Amino acid sequence: MDDTYGLTGHDIGPDIDALRAALAAHGITLPSLGVEPLTFAARSTRPPLVSLGNCNPATVRRMAEVLRSAAGG
């Protein structure tokens, strides 16, 4: 698997913003969504990881519901 994902400069801010907007469209908020600081600081050809953060059980249920629905189930 290619871990570079075709990214140049590793600017994942727009990707995080897009995920935040997509989640919000389904009434889901992940307060800790952001760049994982340790991977961002590492010298690597791989892009930094996105930290999805912690969430409460209601958010977990809502995410599962949305994903099941999107998968046709």
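Heads up: the structure comes first, above all this text.
Asks: Can you tell me about the overall build of the protein, naming the residues and giving the values?
Replies: Each helix and strand in the protein was counted, giving three helices and two strands. Listed N to C, the secondary structure of the protein is α-β-α-β-α in terms of helices and strands. Split into buried and exposed, the 73 residues of the protein put 15% on the buried side. Put simply, of all contacts in the protein between residues at least 6 apart along the chain, 47% involve residues at least 24 apart. For the protein, the accessible area works out to roughly 5,400 Å², and carbon and sulfur atoms hold 59% of it.

Asks: Before we move on, can you summarise the pattern of salt bridges with the specific residues and values?
Replies: Per the stated rule, a full pass over the model turns up two salt bridges. Note that R62 and E65 form a salt bridge whose closest N and O atoms lie 2.3 Å from each other. Pair noted here: R62 and E65 are both in helix 3 (residues 57-70), with a separation of three residues, about one helical turn. Residue R62 is classed as partly exposed on the basis of its relative accessible area of 28%. When its relative accessible area of 41% is taken as the criterion, E65 is described as partly exposed.

Criteria and cut-off values
Residues numbered from 1 in each chain as written. Predicted model: local features only at pLDDT ≥ 70, side-chain atom pairs only at ≥ 80, totals over all residues. Heavy atoms only, no water. Helix = DSSP H or I, 4+ residues; strand = E, 2+ residues; numbered from the N terminus. Buried < 20%, exposed > 50% of the residue type's maximum accessible area, 1.4 Å probe, protein only. Contact = heavy atoms within 4.5 Å. Areas by Shrake-Rupley, 256 points an atom, 1.4 Å probe, with all protein chains shown as cover. Salt bridge = Lys/Arg side-chain N within 4 Å of Asp/Glu carboxyl O.

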